[in-house]
Amino acid sequence: MSVHVAVDLGASSGRVMLGSAAQAGSGSSSGRHLALEEVHRFGNGAVPVAGRLHTDAVGLWREVLTGLGAVARHPRGAAAVSVGVDTWAVDYGLLAADGSLLGTPRHYRDPRTDGVAETVFARMPAAELYRRNGLQHLPFTTVYQLIAEGRGPLLGVADRLLLIPDLLGFWLSGVLGAEATNASTTGLADVRTGRWADDLVALAGVPASLLPPVHDPGTVLGGLRPDVLAETGLPAGLQLVAVGSHDTASAVVAVPARDERFAYIACGTWGLVGVELADPVLTADSFTANFTNERGVDGRIRYLRNVMGLWVLQQCVAEWSGEQGPQDLAALLAAAAAVPPGGPVVDIDDPRFLPPGPMVARVRAAAAETGARPPQEPAEVVRCVLDSLAQAFARAVADAVRLSGHHVDVVHLVGGGARNELLCRLTADACGLPVVAGPVEATALGNVLVQARAHGDLTGSLEELRALVRDTTEPVRHLPGTVLAR
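Student: What's the story with unusual backbone geometry in this structure? I'm lost.
Tutor: The bulk of non-glycine residues show a negative phi, and the bulk of peptide bonds are trans. Across the junction of Gly438 and Pro439, the peptide omega takes the value 5°, indicating a cis bond. Along the polypeptide, Pro439 turns up in the loop between strand S19 (435-437) and helix H16 (442-455). Phi angles above zero are rare outside glycine, and Asn290 is one such case at about 60°. Turning to its location among the elements, Asn290 is positioned in the loop between helix H10 (284-288) and strand S16 (292-295). In the Ramachandran plot, Asp298 falls in the positive-phi region, its phi being about 65° despite a non-glycine side chain. Among the secondary structure elements, Asp298 is positioned in the loop between S16 and strand S17 (301-307). When its relative accessible area of 39% is taken as the criterion, Asp298 is described as partly exposed.

Below, the structure is given as structure tokens:
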């Protein structure tokens, strides 16, 4: 059976995985197969250097090569036929004319974009920008990063810009391109076509030649560079395949939904909450509600809102670990579950929670501003964060339904957050809908599914791919009412 390699880089960790997939005849589960095996995992995160935050692109590349070497040594490695790369969105690297990397890419949490959006809105009003690119306002979107970049020297000597998954793909294969799902997050693409828009590129102050051609998920981009094959020991016929290179686009592929009446929460460091549509929603109400229209696999629209996600909890745990030594997350969650309901709820999307830093103090301060008693013990802080996150998820689901007219019967929560039983139960209560948790590795599964379909191992629509996920995984169903509602 053919093997497909998923390189999956999230905001806080990365992994290289082996996957395989096969379909049976219609109406039968016999012979249906979908499997995933991790061969290498590593950390990821912003690297502070002299007051700036960077992405360690070269370090990530070294980890990718290490993972691909592990694939080559794996008993099934010889059967590998393709590799696909997905990462987080909006960040990029700049290349010189000879293909060399210029500088170290900046991280989206770097404060260089503070105040940039307001200068853009002076040239194109925010409502008009929304009609053109369809994106939720986030201060770190690529269009704003490029304007900040223009204050320095690199843009003046750059020949090409590659988003992070496309940069890794270029180092793997030598192919210059931009995959459509990630391109749609930059603010530089037309929301209706998914291709670069000249007026938006000009708004960023960069030449159109800086951006490579856009291609769709499922495109076979070509073989790997000889030096990559030599270093890793991978088979010579391995092909790079464009997947949904925005990790959420890949995750949504692997949502095990039975029909179209579902909402999804792709929950990791970020929580991306929304519904899948055929067409974008560009109404004034949608703009006011700060919903985004990003492209998915097969031209679907991921109509969603970015919610702060597990970042706040991750930062709190890291803070306690630095002060008290390693923390037992399972024990913290169990203690949080025992905290009586009715505690403080904060706006988890408050901009104060975006940068790294003293997160526990920020949570307590935000709680105090609501007039509630601030959480003191770690269990209380965790419960406050998870209650707040569940409420934010529920608001986003309700808004997505209201604004799109797309009704839902179930919420699928995929990604690392699916392991967090308390969060899933709180979310079910807050939404008043069943929450189906899993698969945890939805992003890597979606990556593999798109590769397998491009290779011919699978056929059919997204719905058929999701049926395969549903038949071969065991998500956990959480019903409303399992935690006392507020």
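So that's the structure; there's more coming.
Student: Got a minute to help me understand the sheet that holds strand S20 (residues 476-478) in this structure?
Tutor: The strand order across the open sheet built from seven strands is S16-S17-S15-S14-S18-S19-S20, with neighbouring strands paired in mixed fashion. Edge positions in the open sheet fall to S16 and S20, since each of these has one partner strand only. Across the sheet, the mean angle separating the axes of adjacent strands is 30° when strand polarity is ignored. The pairing of strand S15 (residues 271-277) with S17 spans seven bridges and is classified as antiparallel. Bridged to Val275 within S17 is Tyr303.

Student: Can you help me understand the nonpolar core in this one?
Tutor: Across soluble globular proteins, you tend to see nonpolar side chains buried next to one another. Judged by nonpolar contacts, the single largest core of 131 residues is most densely connected at Leu224, Val312, Ile348, Leu386 and Leu449. The element contributing the most residues to this core is helix H14 (residues 378-404), with 15 residues. Filtering out sequence-adjacent residues up to four positions away, Leu224 remains in contact with Val83, Leu172, Ser173, Leu229, Leu234, Leu238 and Leu240.

Student: Honestly, the sheet that holds strand S3 (residues 33-43) in this entry has me stumped. Any pointers?
Tutor: Two orientations exist for strands paired in a sheet by backbone hydrogen bonds: parallel and antiparallel. Judged by pairing direction, the sheet is mixed, and its six strands sit side by side in the order S3-S2-S1-S6-S13-S12 without closing on themselves. What marks the edges here is a single partner per strand, and that holds for S3 and strand S12 (220-223). Strand-to-strand twist across the sheet, computed as the mean angle between neighbouring axes with direction ignored, equals 25°. Here strand S1 (residues 3-9) pairs with strand S6 (residues 80-86) via six bridges, running parallel. Looking at S6, one finds that Val7 is bridged to Val85. Where H16 meets the sheet, its contacts fall on S1, strand S2 (13-22), S3, S6 and strand S13 (239-241), and the angle it forms with S1 comes to roughly 140°. Across the face of the sheet, helix H17 (residues 462-472) comes into contact with S2 and S3 while running at roughly 85° to S3.

Student: Where do I start with the pairing of strand S14 (residues 262-267) in this structure?
Tutor: Within a regular strand, the side chains alternate between the two sheet faces. Of all the six residues making up S14, six are buried; the element is thus mostly covered by neighbouring parts of the structure. Because side chains alternate across S14, one face comprises the buried residues Phe262, Tyr264 and Ala266, and the other comprises Ala263, Ile265 and Cys267, equally buried. Note: S14 against strand S18 (residues 410-414), five bridges, orientation parallel. By the bridge assignment, Phe262 is partnered in S18 with Val410. Pairing between S14 and S15: five bridges, direction antiparallel. For Ala266, the partnering residue across the bridge sits in S15 and is Leu272.

Criteria and thresholds
Residues numbered from 1 in each chain as written. Predicted model: local features only at pLDDT ≥ 70, side-chain atom pairs only at ≥ 80, totals over all residues. Heavy atoms only, no water. Helix = DSSP H or I, 4+ residues; strand = E, 2+ residues; numbered from the N terminus. Buried < 20%, exposed > 50% of the residue type's maximum accessible area, 1.4 Å probe, protein only. Pairing = 2+ DSSP bridges. Axes fitted to C-alpha atoms, helices over the stretch in contact; angles between N-to-C directions. Core = buried A, V, L, I, M, F, W, Y, C linked by side-chain atoms within 4.5 Å. Contact = heavy atoms within 4.5 Å.

By themselves these figures say nothing about function.
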